[in-house]
Amino acid sequence: MKWSWKLGEIAGIGIYIHATFLLVIGWVGLTHWREGQSLEATLVGIGFVLALFGCVLLHELGHSLTAKKYGIKTRDITLLPIGGVARLERMPDDPKQELWVALMGPAVNVVIAAVLFISLFLTNSLVPLESMEMTSGPFWERLMMVNLFLVAFNMIPAFPMDGGRVLRALLATRLAYTKATHIAATIGQGIAFIFGFIGLFTNPFLVFIALFVWIGAAQESSMVQIQSSLDGIPVNQAMITNFRTLLPLSTLADAVELTLSGSQQDFPVVEGERVVGVLVQGDLLVALAQQGKDTPVSGVMQTDFETAEAFEMLQTLFVRMQSCNCRTVPVTRFGRLVGLITMENIGEFLRIEAALSQKKL
Ligand code: ZN
């Protein structure tokens, strides 16, 4: 994610913190200070935010380490003011595994809250809930309440919350995956609507959450629909076979000419029959501005790129392209370049398939 700093690594997973996080710390510090409180109170306020984010990080690690048990890697974890995001390489295909991955995040917060409760209880330092508030009250008891809030919030049965995944996984043990996702997404959007409606009259923050949930549900539903329509189709049925290539020694001027004379945006760079790189339009434009058009392509092309096999399934390639954020992937057969797959041409393929399936009805 842009605007994030790496804090470190845990179990091989990069932990990042988003810049907006500093805004929250600044805001908490400032409000405490402005309320005329002491430096100590301000520091405790900031300390509370840090402790809260520690709990969010442990929550995300709960997801990641469970996924790791099923052989799924986590690319990174980013801490944002609204919570954490663990980017798993993929979701498990088995609904039971998805259920565990989704549950183990909130379970971590249940454990933290339980540990805090027991130690507060044993030290006799529990205060009645009436005297507690979000921003004031004893530190550890407040942290316990916030962890319980995290559990409740994340278990809302709507995408992209963990509860939405739990619901889908439960449905998917009995129904087809697409159907389960569709039902879970519809329930999620229903909940988002109710949240938004209540929020209009009470708390604007609820409207914001509702919007977030609504978009998340719609995205998940359409993503799964795309994946199921790509099911069982090999890459070579959808790939572009009429395309242009560049040589490592071609210049950026050659690339510009090819770009303007056709509709292709990214070009495979070939040496003999082997693909040695991909020149993507974004890099081309940057290099044109910085180095001029006589620069050889070899210095600008991406050499660390994804390729696909002609007989690979389009569905798995699509998931890979999603996770590497690739727009164009060269397709090879026995190491020889035979085609290109782009996000646009997958979209075209889907529209054509949809039109053909309507004709049949
Ligand atoms: Zn979670």
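All chains use their own residue numbering, which begins from 1 and follows the written sequence. Residues qualify for local features only when their pLDDT is at least 70, as the model is predicted, and side-chain atom pairs are given and counted only at 80 or more; totals for whole chains, interfaces and linings, by contrast, use all residues. Think of the side-chain values as coming from all heavy atoms in the structure, minus any hydrogens and water.

A. The arrangement of the packing of helix 7 (residues 204-229) against helix 10 (residues 314-324) in detail. Between helix 7 and helix 10, the least distance of the axes is 8 Å, while the angle of their chain directions is 145 degrees. Crossing of helix 7 against helix 10: the hand is right-handed. Contacts between helix 7 and helix 10 involve M223, I226 and Q227 from the first element and Q315, F318, V319 and Q322 from the second. Three classes are used: nonpolar for Ala, Val, Leu, Ile, Met, Phe, Trp, Tyr, Cys and Pro, charged for Asp, Glu, Lys and Arg, and polar for all others, with Gly counted as polar. When the residues that make up the contact of helix 7 with helix 10 are grouped by side-chain class, the tally is four nonpolar, three polar and no charged. In this description, a line fitted to the C-alpha atoms serves as the axis of each element, helices being fitted only across the stretch in contact, and the angle between N-to-C directions of two axes falls anywhere from 0 to 180 degrees. In DSSP terms, a helix is any run of H or I states spanning at least four residues, a strand is any run of E spanning at least two, and both are numbered starting from the N terminus. The crossing is said to be left-handed when, going from far helix to near helix, the turn is anticlockwise and less than a right angle, and right-handed when the turn is clockwise. Contact between two residues is taken to exist if any of their heavy atoms lie within 4.5 Å; hydrogens are not considered.

B. Highlighting the coordination of the zinc ion. Surrounding the zinc ion are the protein donor atoms H59 (NE2), H63 (NE2), D162 (OD) and D162 (OD), which sit 2.0 to 2.6 Å from the metal. Each of the four donor atoms around the zinc ion contributes to a set of angles spanning 54 to 150 degrees, which defines the coordination as irregular. Summarised as a motif, the one-chain spacing of the donors to the zinc ion is H-x3-H-x98-D. Residue H63 is found in helix 2 (residues 39-69), and its partner D162 is found in helix 5 (residues 162-172); the two are separated by 99 residues along the sequence. We note that H63, like D162, is buried. As a rule, N, O and S atoms within 2.8 Å of a metal are its donors, except that Na, K and Ca use 3.2 Å; water is not among the atoms, so sites may look incomplete. Only four donors with every angle between 85 and 135 degrees are called tetrahedral; only four or six donors with opposite donors over 155 degrees apart and all others between 65 and 115 are called square planar or octahedral, in that order; all others are irregular. Accessible area is worked out with a 1.4 Å probe on protein chains only. A residue is then buried under 20% of its type maximum, exposed over 50%, and partly exposed in between.

C. Focus on the layout of surface pockets. Whether a set of points on the 1 Å grid over the protein atoms alone is a cavity depends on a 1.4 Å probe fitting there but being unable to get out, while an open set qualifies as a pocket with protein on both sides within 12 Å along at least five of seven lines; lining residues are those with an atom within 4 Å of a point. Grid points are joined across faces, edges and corners, and a volume is the space filled by probe spheres set on the points. The space that makes up the second largest pocket amounts to roughly 320 Å³. Every residue lining the second largest pocket is counted, 17 residues in all, and those nearest its centre are I240, S263, Q264, Q265 and T342. Sorting elements by how many residues they give to the lining of the second largest pocket places helix 11 (residues 343-360) first, with three residues. Grouping the amino acids of the lining of the second largest pocket by side-chain chemistry returns four nonpolar, nine polar and four charged.

D. Examining the sheet that holds strand 7 (residues 308-309) more closely. We treat two strands as partners when DSSP finds at least two bridges between them. The three strands lie next to each other as 7-8-9, forming an open sheet whose pairing is mixed. Each having just a single partner strand, strand 7 and strand 9 (336-342) make up the two edges of the open sheet. Two elements, strand 7 and strand 8 (residues 328-333), share two bridges in a ladder whose sense is parallel. Bridge pairing links A308 to V331 in strand 8. Against the sheet, helix 10 makes contact with strand 7, strand 8 and strand 9, and its axis sits at roughly 70 degrees relative to strand 9, the strand it touches most.

E. Examining unusual backbone geometry more closely. Backbone geometry at A11 places phi at a positive 50 degrees, although glycine is not the residue there. Locating A11 in the fold gives a position in the loop between strand 1 (4-10) and strand 2 (13-18). Overall, A11 belongs to the partly exposed group, its relative accessible area being 44%. Even without a glycine there, the phi angle at F334 is positive, about 50 degrees. Locating F334 in the fold gives a position in the loop between strand 8 and strand 9.

F. Quick peek at the pairing of strand 9. Counted residue by residue, strand 9 has six buried out of seven residues, so it is predominantly covered. As paired strands, strand 8 and strand 9 are joined by six bridges and run antiparallel to one another. Residue V329 lies in a different strand from strand 9, and its bridge partner there is I341.

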